[in-house]
Every structure is written in C-alpha cells, then in structure tokens.
Amino acid sequence: MTPRENGADPITTEVVRHALETIAEEMGTALRRTALSVVVKDMRDYSCALFDARGRMLAAALDIPSLLASMAPALRACLDKWGEDIHPGDVFINNHPYLGACQTNDINIFVPVFDAAATLVGFTGVIAHHADWGGRTPGTAAARSESAYEEGVLLPALKVEVKGVPERGLLDIITANTRHPAQNHGDLRAQIAAARSGAGRFAGLAGKFGTGLLLDTFEELFAYTVRRTRAEIAKLPDGDYTAEGCLDNDGLDLDAPVKMVVKAVISGEEIHFDFTGSDPQMRGGMNIPDSTLRSVVHYAVKCLMPSDVPFNEGSLDPVSFHAPRGTAVNPEFPAAVGDRHLASQRLASIVTRALAAAAPHRASAEWFVGWPVLICESRSPKSGDGVVLLANVAGGAGACVDHDGADALDVHMANCQLIPAEVIESSYELRVERYALIPDSGGAGRHRGGLGIRADYRNISSKPLGFLSEAEQTRPEFAPQGLTGGRPGMPASLALIHEDGTETALPSKGQGSALPGEIVSLRAGGGGGYGDPAERPAELVEADLRDGRITAAGAAAYERTR
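The rules behind each value
- Residues numbered from 1 in each chain as written.
- Predicted model: local features only at pLDDT ≥ 70, side-chain atom pairs only at ≥ 80, totals over all residues.
- Heavy atoms only, no water.
- Helix = DSSP H or I, 4+ residues; strand = E, 2+ residues; numbered from the N terminus.
- Rg over C-alpha atoms; globule rule 2.2 N^0.38 Å.
- Buried < 20%, exposed > 50% of the residue type's maximum accessible area, 1.4 Å probe, protein only.
- Contact = heavy atoms within 4.5 Å.
- Areas by Shrake-Rupley, 256 points an atom, 1.4 Å probe, with all protein chains shown as cover.
- Arc of directions from axis to C-beta.
- Pairing = 2+ DSSP bridges.
- Salt bridge = Lys/Arg side-chain N within 4 Å of Asp/Glu carboxyl O.

J.: Give me the overall build of the chain: which residues, what numbers.
T.: Of regular secondary structure, the chain possesses 11 helices and 20 strands. What you see for the chain is a C-alpha radius of gyration of 24 Å, in line with the 24 Å of a compact globule of 562 residues. Principal axes of the C-alpha set define a box for the chain whose edges measure 75 × 60 × 40 Å. In the chain, which comprises 562 residues, the proportion classed as buried is 59%. Taking contacts inside the chain between residues at least 6 apart in sequence as the whole, the part at least 24 apart equals 73%. In the form shown here, the chain has an accessible surface area of approximately 20,800 Å², with 53% of it arising from carbon and sulfur atoms.

As structure tokens, then:
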C-alpha cells in the first residue's frame with residue numbers, strides 16, 4: 001500500500017478519542033446489566049477496550065488496570081493464529097496465560113469490526129472473571145495449584161463463533177469441565193453481546209468519519225500519547241531506582257518468603273525496568289505471567305502521568321522491561337499462575353516505590369495490597385443451584401504528603417467493588433455478621449494511613465462449608481510501610497470463629513471447613529502513615545477517636561510521640 005499523508009487534525013482526533021472511550025464504557029454497562037454472576041454484576045471484575053486492526057489498544061474504560069494491559073497480547077495471539085481468516089460474525093476467545101492472557105478465569109472475548117466495504121477497522125474486547133472455570137479447586141485460581149493443567153479449561157486463542165455460528169463443540173467442552181456451566185455460558189453470552197454492541201458503535205465511527213480519516217486519527221492518537229509520555233519521563237531525573245519486597249510465601253511452603261526485585265533506569269525520555277534478582281518461579285500458583293508483568297509496568301508508568309494523558313498503548317512506546325525466564329515474574333510453562341493477582345499487586349507496590357524516588361511529589365506511603373479472599377462452593381437460597389462465591393475485602397491506601405490514606409480500597413492495579421451484604425445473603429447460604437472498618441489498622445503519621453475492612457461470613461447451611469481463604473501481607477515485616485517517619489499499617493489476618501466465640505487463626509493461604517454456625521473472618525490491613533505522628537494536629541486525633549477510626553490505645557500512641 002502506498003503511504004498517504006495523515007489527514008487527522010487535533011480536534012477530530014480528540015472527538016474520536018472520547019467516542020472510543022464512551023463506547024468502551026457503554027460496553028461495560030451492557031455487560032454488567034446482562035451477566036449472571038455476582039462477580040461480574042456486583043464485584044465488577046471485568047474490563048472493556050477497543051483495538052486497532054493490528055491489536056493495539058486504542059481506548060479503554062478504566063475498570064481493572066491489571067486486566068486492561070493484558071488484553072492486547074491476548075488479542076495479538078488470536079491475530080497471529082488466525083491471520084487473514086477473520087470475518088464478520090467471528091468471535092475470538094482466549095484465556096491461555098502463556099498465549100497473552102493472564103489467568104484461566106479471566107476470559108477474553110474479541111469481536112472484529114468491519115466498515116461498509118468489509119475492511120477490518122479494529123476489534124472490541126471484553127474480559128471478565130468467571131467465578132469458577134473448572135480445575136482442581138472450586139473457584140479455580142488457588143495459590144496451592146502447582147501446574148497450569150490444574151487451573152481449568154485452557155482455550156488457546158480459539159473462535160467461539162464462526163461467521164455468527166456458535167462453535168457447539170467448544171461450548172460442550174466448557175460445559176463438561178466447569179462446575180456451574182449455566183453461569184459460565186450466561187456470562188460468556190453477556191460478554192459477546194457487550195462486545196458486539198460496541199462493535200456496532202465502532203463501525204458507526206467509520207461510517208461517520210470515513211475509514212481513512214478514522215485510521216489516521218488512530219495513528220495521531222498513539223503519536224500524541226507517545227509525545228506526552230516521553231515529555232513527562234524527560235522531566236524526571238536520570239538514574240537507577242531500585243526497590244525490592246517479598247510475598248509472604250508461595251502458597252505451599254508457608255514459611256518461605258518470595259523476593260521480587262526491580263531496577264528502573266530512567267534515561268532521557270525512556271524507562272527500562274529490570275527484574276533481575278527476583279526469586280525463581282514459585283511451586284504454587286502465584287507466578288506472574290508476561291502479560292501481567294506488562295500490566296504492572298504499564299500501570300506504574302501511568303502513575304507518573306498527568307490524568308489527561310490518554311490510556312492507550314502509546315504509553316508503552318518509551319518503555320522496555322526485562323525479566324529473566326524461570327523466575328516468579330516470568331515463569332515457564334506449565335507453572336501455575338491463577339493467583340497472580342496477589343503477586344502482581346505486591347509487585348506494583350514495589351515498582352511504584354522505586355519510582356517514588358524519581359517523583360517524590362507523587363509518592364505515598366505503602367498501600368495494603370494483600371487482598372483477603374474467601375472462595376467457597378455454596379448453594380443459592382433462591383434456586384437451590386450450586387454456586388461459587390468469590391468475596392474479597394479491601395484494605396487501606398497509604399497516606400500522602402497532603403492527605404490521609406483512603407479507607408477500604410481495592411488498590412493499585414485492581415478496582416473491584418465490594419459485594420453488598422444483601423447480595424451475598426440472597427445468593428449463598430451465608431450470613432454477613434460484620435462488615436466494618438478496622439480501628440487502628442492505618443499506620444500513624446502526620447497523615448494517617450487508610451483503614452482496612454473486616455468481613456465475617458457465617459455458615460448458615462446444615463452442612464460443613466469447605467472454603468479456600470487467602471491473603472498477603474500477613475507477616476508484620478511485610479505490612480505496608482510508612483514514609484518519612486510514618487508508622488506501618490496493620491497486617492492482614494484470617495480466622496475461623498467458633499460458635500462459642502473462640503477463634504482459630506487460619507494460615508495465610510489454605511483450605512478449611514466451617515461447621516454450621518461457624519464464621520470465616522477476613523481482616524484486611526491498613527495503609528502506611530506519612531510523616532511523624534507527633535505532627536498530627538490534636539483536633540484530627542480527637543476526630544479519629546470520635547469517629548471510631550482509632551481506639552483509645554491508638555490515640556495514646558500519638559500522645560506518646562508528642
């Protein structure tokens with residue numbers, strides 16, 4: 001094809017950019033309103049994005065950052081496999097973590113977009129977490145898994161529909177290998193419908209602006225993002241910025257921490273991230289596949305950018321990264337990766353801490369990233385059908401130079417909502433006994449760290465409830481650290497509460513059983529404090545005490561430093 005002059009102007013490019021972002025947001029609304037599972041409808045564990053014909057992410061709704069940056073590699077795996085064999089009505093599916101996806105539960109759906117002349121313009125994509133996708137354990141993703149073959153049905157960049165006709169054989173395989181296939185099929189249909197609705201709107205832009213001009217705006221949008229990203233990086237001082245941190249364990253050997261290391265090298269308008277020095281790949285299921293490592297890097301770079309820099313792959317143009325193969329941050333197949341979320345959140349905290357030295361004006365104390373979660377197979381009180389619960393509780397954000405840390409956030413690369421107690425009680429044989437902020441969980445400081453949540457789930461069925469419970473940052477030495485004299489936040493913990501009120505501490509990762517009437521208690525940690533606690537104004541300490549954010553002991557801790 002003979003190159004032609006780019007005809008895009010800044011105003012048209014900006015109009016198209018916002019149109020694409022709006023389409024992505026509308027896709028999310030359509031998905032949420034038509035999905036069957038609590039995970040999608042209420043927890044909102046999904047992301048929607050649009051791509052050009054080469055598989056580059058053009059725009060996205062800002063849902064779950066850890067999912068967004070992994071979608072382009074998952075789509076490109078489909079393009080590499082199918083080449084020119086892409087037609088109107090095709091629907092691609094990919095969840096293979098060694099073919100661009102991030103974990104088997106997170107199902108990518110892609111729909112090609114064609115203009116009126118049948119020219120491929122781009123793709124719409126919807127990724128959603130399925131509460132169960134088969135495998136060894138209800139809920140599929142588990143730190144105790146030792147192989148990708150234990151993590152459910154692998155779908156290596158396939159077509160789930162061909163020219164509008166569903167692939168019945170593929171759907172039958174999903175049905176035969178998942179615990180509650182009606183829910184899986186319902187969410188898959190919702191994903192396809194959402195992607196198709198976006199594809200119609202996307203194709204409408206080609207009709208409105210003309211395909212040639214639309215493609216020009218794509219190139220200008222990428223180029224603009226590259227220019228802005230390079231300009232912001234150039235403002236940072238050149239140098240090597242390092243940080244390291246540890247996971248509590250690999251999910252199997254609960255007494256052996258796992259180290260992750262990063263060196264960020266800033267040189268002019270570019271950044272290189274080197275993860276050499278990280279521990280070998282884990283025996284358990286928390287390894288970070290390449291696509292998720294890419295998400296960590298993209299997220300960290302976006303944290304350096306002003307909010308008006310567009311979210312697309314142009315941000316990665318000045319960025320490179322290296323992770324030695326066979327390590328926890330770049331495992332070799334068939335290492336298990338289903339619980340990569342816990343590890344990637346911790347790594348995001350480490351990487352942003354390294355960059356904080358280059359951009360102290362954007363720095364905060366450490367955030368709690370340990371994400372306590374309860375996964376269990378229960379029964380719906382309404383239908384009597386079996387259902388899998390995935391419930392997480394949020395922790396506290398780290399305090400900053402000018403404000404306290406926020407409470408109860410699914411932080412960094414995650415953005416899941418908390419499932420309302422009413423939804424849990426109407427959907428599972430569980431009663432939510434407590435859902436509250438934990439006093440004193442935020443680190444003391446001139447600005448206090450945010451508080452974590454405690455959630456208690458009582459088994460109200462007539463049978464023992466088998467469950468999986470997991471958390472990170474349960475070891476005090478790995479709790480969120482304070483900054484410039486601030487104190488660390490409280491670590492996470494898990495407990496089984498018996499009917500007589502006594503408690504048994506649960507391991508940071510493992511399986512258990514709650515008898516009828518017993519409670520599984522998830523307790524998230526808090527964010528680190530910023531600055532010397534002695535400098536916190538007395539009226540703020542008094543307000544925290546009055547509001548129940550700190551106890552008398554917590555207030556006394558501030559007094560002792562005065």
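Having seen the model, we can carry on.
J.: Tell me what's going on with helix α10 (residues 538–547), and back it up with residues and numbers.
T.: Looking at α10, one finds that the buried residues are V541, A543 and D544. In an axial view of α10, the angular spread of the buried residues amounts to 160°, which keeps them on one side of the axis. Exposed and facing more than 90 degrees away from the buried side of α10 are E539 and R546. Positive backbone phi, at 80°, marks G548, one or two positions downstream of α10.

J.: Outline the sheet that holds strand β4 (residues 106–114), supporting the account with residue identities and numerical values.
T.: If you trace the 7 strands from one edge of the open sheet to the other, you get β2-β1-β5-β4-β3-β6-β7, paired in antiparallel fashion. The strands lining the two open edges of the sheet, one partner per strand, are β2 (57–60) and β7 (165–166). Pairing analysis gives 9 bridges linking β4 to strand β5 (residues 120–129), with the strands arranged antiparallel. Counterpart to V111 in the pairing with β5 is T124.

J.: I'd like a rundown of the pattern of salt bridges, residues and numbers included.
T.: For the structure on display, the rule yields 36 salt bridges. Residue R56 pairs with E219 through a salt bridge whose shortest N-O separation is 2.6 Å. Pair noted here: R56 is in the loop between β1 (46–52) and β2 and E219 is in helix α6 (residues 211–234), with a separation of 163 residues, a long-range link. The partly exposed category is assigned to E219, whose relative accessible area is 35%. With a shortest N-O distance of 3.5 Å, E270 and R230 are connected by a salt bridge. Remark: R230 occurs in helix α6 and E270 occurs in strand β10 (residues 270–274); sequence separation between them is 40 residues. Judged by relative accessible area, which is 41%, E270 ranks as partly exposed. Judged by its relative accessible area of 18%, R230 falls in the buried class.

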